[in-house]
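Examining the three-dimensional arrangement
The primary structure of each chain is shown beneath.
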Amino acid sequence: MNVVTLLPSATEVVFALGVEPVGVSHECDYPPGAADLPAVEYSRIDADASTAEIDRQVQEAEASGGVYGIDVDLLDELDPDLVVTQGVCDVCAVDEVLVHDAVERIDANPEVLTTDPHSVGDVFDDVRAVGAALDREERAAEVVASLEERVAAVRERAADCERKRVAVLDWTDPVMVAGHWVPELVEAANCEYGMADPGDASTPREWDDLRAYDPEALVVAPCGYDLAQTRANLADLTDRPGWDELTAVQNGDVWAIDGNHFLNRPGPRVVDSLEHLAGVLHDEFETPSRDVAAPLSELPAAR
């Protein structure tokens, strides 16, 4: 079966089920071999720009045709039987309407499977749905069972840990508090997540709202950014009024996590994200490696 995946999390799901896609998105980079596959989709945004400039470009692109485009000729050449796309966020990956339009313009007549996860359970349901589309239901059940066991293990171990007031940011200018599945991950790590409920969309928030919440632990994981990119844009936060007064800053409990690979990808590694969160929030858990997470003072130099 020829499968095209148009977002990184879908690519990871398909690989986890033992299938290699024939085409992916330009952002698909895990597992490592995914980066060598033909990219069917492209971005109209300069990913190396500042966070504020990227936000401006995104708003401009959304008003004039969308953030992403599809190479219809390549899609036609790949002759897909299944195209996996998403409906959760037009900024994170190509819009499903654009996908259907592209499919109508090629000779093949593939099934289009749209994922729309807003919770950890939704992520697991997507694994099952992709498994059914690939005729790999048994493998999908095994993958989900393993992931559920790992979540339960974190919950059990974290139950006796100190409960902290936590905020996770998935953008820094404007400030955005991570929603969707992230509140569940924080709660599974036995911490309080008071600025968003499970399933809420990630939306811009007033800086004063974060100051009023005053997190005891703060995790910075901008969507699509590795640690070096996060460091390059830290002034978005550290130059804001009252930054030094935040309890998390005063306690030295501010961490950056690689938002490109973790927290923002609703695929199998959402459970890795939970384990990494537990590692930065609790001394009782293993601290993630420095290529995954680091205190702000130890972030790698920007490229």
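This text follows the structure it describes.
An account of the accompanying structure is given in this report. Keep in mind that this is a model prediction, so the values were computed, not measured.

Criteria and thresholds
- Residues numbered from 1 in each chain as written.
- Predicted model: local features only at pLDDT ≥ 70, side-chain atom pairs only at ≥ 80, totals over all residues.
- Heavy atoms only, no water.
- 1 Å grid on protein atoms, 1.4 Å probe; cavity = no way out; pocket = protein on both sides within 12 Å on 5 of 7 lines; lining within 4 Å.
- Points joined across faces, edges and corners; volume = space filled by probe spheres on them.
- Helix = DSSP H or I, 4+ residues; strand = E, 2+ residues; numbered from the N terminus.
- Nonpolar A, V, L, I, M, F, W, Y, C, P; charged D, E, K, R; others polar.
- Buried < 20%, exposed > 50% of the residue type's maximum accessible area, 1.4 Å probe, protein only.
- Pairing = 2+ DSSP bridges.
- Phe/Tyr/Trp six-rings, centres within 6.5 Å; stacked < 30°, edge-to-face > 60°.
- Lys NZ or Arg CZ within 6 Å of the ring centre and 35° of its normal.

1. A closer look at empty space enclosed by the protein
Scanning the model with the defined rule gives one cavity of 30 Å³ or more in all. Size it by volume and the largest cavity reaches roughly 50 Å³. Residue lining of the largest cavity: Ser9, Ala10, Val13, Thr115, Pro117, Asp126, Val130 and Pro266, and that is the complete set. Breaking the lining of the largest cavity down by element, the ones donating at least two residues are helix 1 (8–16) and helix 5 (120–133). The element best represented in the lining of the largest cavity is helix 1, accounting for three residues. Of the residues belonging to the lining of the largest cavity, the class tally is five nonpolar, two polar and one charged.

2. Structural notes on the pairing of strand 10 (residues 217–220)
Taken residue by residue, a regular strand's side chains alternate between the two faces of the sheet. Here strand 10 shows no split at all, with Ala217 and Val219 on one side and Leu218 and Val220 on the other all buried. Here strand 10 runs beside strand 11 (residues 254–257); their pairing, made up of three bridges, is parallel. Paired with valine 220 across the bridge in strand 11 is alanine 256.

3. Things to note about the packing of aromatic side chains
Throughout the structure, instances matching the rule amount to two aromatic pairs. With a centroid separation of 5.2 Å and an interplanar angle of 55 degrees, the aromatic rings of tryptophan 171 and tyrosine 225 are classed as tilted. Separated by 54 residues along the polypeptide, tryptophan 171 in strand 7 (residues 166–172) and tyrosine 225 in the loop between strand 10 and helix 9 (227–232) bring together distant segments of the chain. Across the pair, tyrosine 225 and tryptophan 171 agree in class, each one buried. With centroids separated by 6.5 Å and ring planes inclined at 25 degrees, the aromatic side chains of tryptophan 207 and tryptophan 243 adopt a geometry described as stacked. With a gap of 36 residues between them, tryptophan 207 in helix 8 (residues 207–213) and tryptophan 243 in the loop between helix 10 (235–238) and helix 11 (247–250) connect regions that are remote in the sequence. The exposure classification of tryptophan 207 matches that of tryptophan 243, with both residues buried. One residue, arginine 157, lies across the ring of phenylalanine 285, its end atom 4.4 Å from the ring centre.

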